[in-house]
Amino acid sequence: MTSGQRPPDISRFISARQPAAQVDPQSLDQLGQLVRSALQTRRFRPPLLPEVAARLSRLVEDPDVDLATVEKTVVKDPAVAARIVAVANSAIHGARAPVTSLRSAIARLGLYRVRDVAFQVVAMGKVFRVPAYADRMRELFEAAQVAGVLARAVSDACGGASEAAYLCGLLHDMGEASVLGIVADAFATRQASLPAVEFLAPMIAEYHAELGALVCSEWKLPDVVVEAVAWHHTPEQATRVGSLAPIVAAADLLLGHIGMGTAWHPVTKADLPVLESAGLTAERIGPLLRYAEEIAADRQSWVMSAP
Ligand SMILES: [Fe+2]
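Quick notes on the domain arrangement of the protein
Inference 1: Per the domain assignment, the segments of the protein are domain 1 (1-43 + 132-307) and domain 2 (48-128).
Inference 2: Look at where the C-alpha atoms of domain 1 and domain 2 centre, and you get two points 24 Å apart.
Inference 3: Taken together, the 18 residues of domain 1 in the interface contact eleven residues of domain 2.
Inference 4: For the side of domain 1 that touches domain 2, the elements supplying multiple residues, two or more each, are α7 (134-157), α8 (165-171), α9 (174-188) and α15 (299-302).
Inference 5: Looking at the side of domain 1 that touches domain 2 element by element, the count peaks at six residues for α7.
Inference 6: Across the side of domain 1 that touches domain 2, the residue classes break down as 14 nonpolar, three polar and one charged.

Below is the structure:
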């Protein structure tokens, strides 16, 4: 961690319905070794990426792709197709006259947003899916969607308008689900109670970015996404030209500002270096903070709830 960067502080969000067992230092160390071993041996099995998302990831790279091909891809996955129509009709996304056909919905959203919606469905059904930590998964999924919106807003405000910004924000903390999945699997055969998330926070802080990047890499997502997820807490280590790690780091601060997925931590002057290194000028920061606050005040309109 560098100055201005905080490890995720999630203690405020641990509800009574989540595992509450304490964990002794020795067990914590063993769990850490388990996660480290999963990373080093790459034996960790990431969630399978559904075909529709994998194919859309490839189609966005094809400058000659046509609407019919995208429709043919999306229609094979009813959950994604339904979500695309719903998003296209959402007032948040600027819907005017309602669309009823999948093709019109795809045309309204455009290919990149269609891909993003597919990954939103993947995030809900495949990523933030550790039943033993269901409440935390709901919090993470809600925060992930808002992180995507905020990363896109930061990217737009910096003049970059990267088409990958939403995806980076959406997936940036998915490694926490991976850490919790490894812990839950380890405890599945033990008599001991599952440790509370708050006791795992140091381990999550240490490994989640690397694990998340590993999943992105296994999914063959573009390098810009893998790198942003890997370095979102240490964006100064990102060496790629046009790296989105500083954008995601700034979006992460905005998430803290509204207390989503992490402890409430209003942005202060001390956070300016992170925001400025993302490319935000002083006059852009205020509107972004207000935008984040508007989302927090009306979050039901912005996020898809997990079942
Ligand atoms: Fe993070």
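Moving on from the coordinates now.
What to know about the nonpolar core
Inference 1: Judged by nonpolar contacts, the single largest core of 97 residues is most densely connected at I84, L150, C168 and V225.
Inference 2: Two domains each provide a minimum of three residues to this core, namely domain 1 (1-43 + 132-307) and domain 2 (48-128).
Inference 3: With residues near it in sequence (within four places) discarded, V225 still touches A164, L167, C168, L171 and C216.

What about the environment of S37?
Inference 1: Secondary-structure assignment places S37 in helix α1 (residues 25-41).
Inference 2: Classification of S37 as exposed rests on a count of 12 C-beta atoms within 10 Å.
Inference 3: Sequence spacing of S37 and D252 is 215 residues, and the spatial spacing of their C-alpha atoms is 28 Å.

Topic: α7
Inference 1: Here α7 is 24 residues long and its end C-alpha atoms lie 34 Å apart, about the 34 Å a rise of 1.5 Å per residue gives.
Inference 2: Within α7, 20 of the 24 residues are buried, which leaves it mostly tucked inside the rest of the structure.

A short note on the environment of A81
Inference 1: With respect to the helices and strands, A81 occurs in helix α4 (residues 78-88).
Inference 2: With ten residues separating them along the chain, A81 and E71 place their C-alpha atoms 8.7 Å apart.

Some details on the confidence of the model for the protein
Inference 1: In this model, the protein carries an average pLDDT of 89, and 92% of its residues clear a pLDDT of 70 or more.
Inference 2: Segment residues 1-17 is flagged for pLDDT under 50; beyond a separation of four residues in sequence, or across chains, it makes 34 contacts in the model.

Details of the packing of α1 against α9
Inference 1: Packing of α1 against α9 leaves a shortest axis separation of 10 Å and a crossing angle of 120°. Relative to α9, α1 is oriented oblique. Along this stretch, α1 crosses α9, giving a crossing that reads as right-handed. Note on element contacts: α9 touches α1 through V179, I182, V183 and A186, opposite L31, L34, V35 and A38.
Inference 2: For the contact of α1 with α9, a count of residues per class yields eight nonpolar, no polar and no charged.

Cut-off values and rules
Residues numbered from 1 in each chain as written. Predicted model: local features only at pLDDT ≥ 70, side-chain atom pairs only at ≥ 80, totals over all residues. Domains from an automatic or database assignment. Contact = placed C-beta atoms within 7 Å. Helix = DSSP H or I, 4+ residues; strand = E, 2+ residues; numbered from the N terminus. Nonpolar A, V, L, I, M, F, W, Y, C, P; charged D, E, K, R; others polar. Core = buried A, V, L, I, M, F, W, Y, C linked by C-beta atoms within 7 Å. Buried ≥ 20, exposed ≤ 12 C-beta atoms within 10 Å, placed from the backbone. Expected span 1.5 Å × (residues − 1). pLDDT = per-residue confidence, 0-100. Axes fitted to C-alpha atoms, helices over the stretch in contact; angles between N-to-C directions. Parallel < 35°, antiparallel > 145°, perpendicular 65-115°, else oblique. Left-handed = near helix turned anticlockwise from the far one by under 90°.

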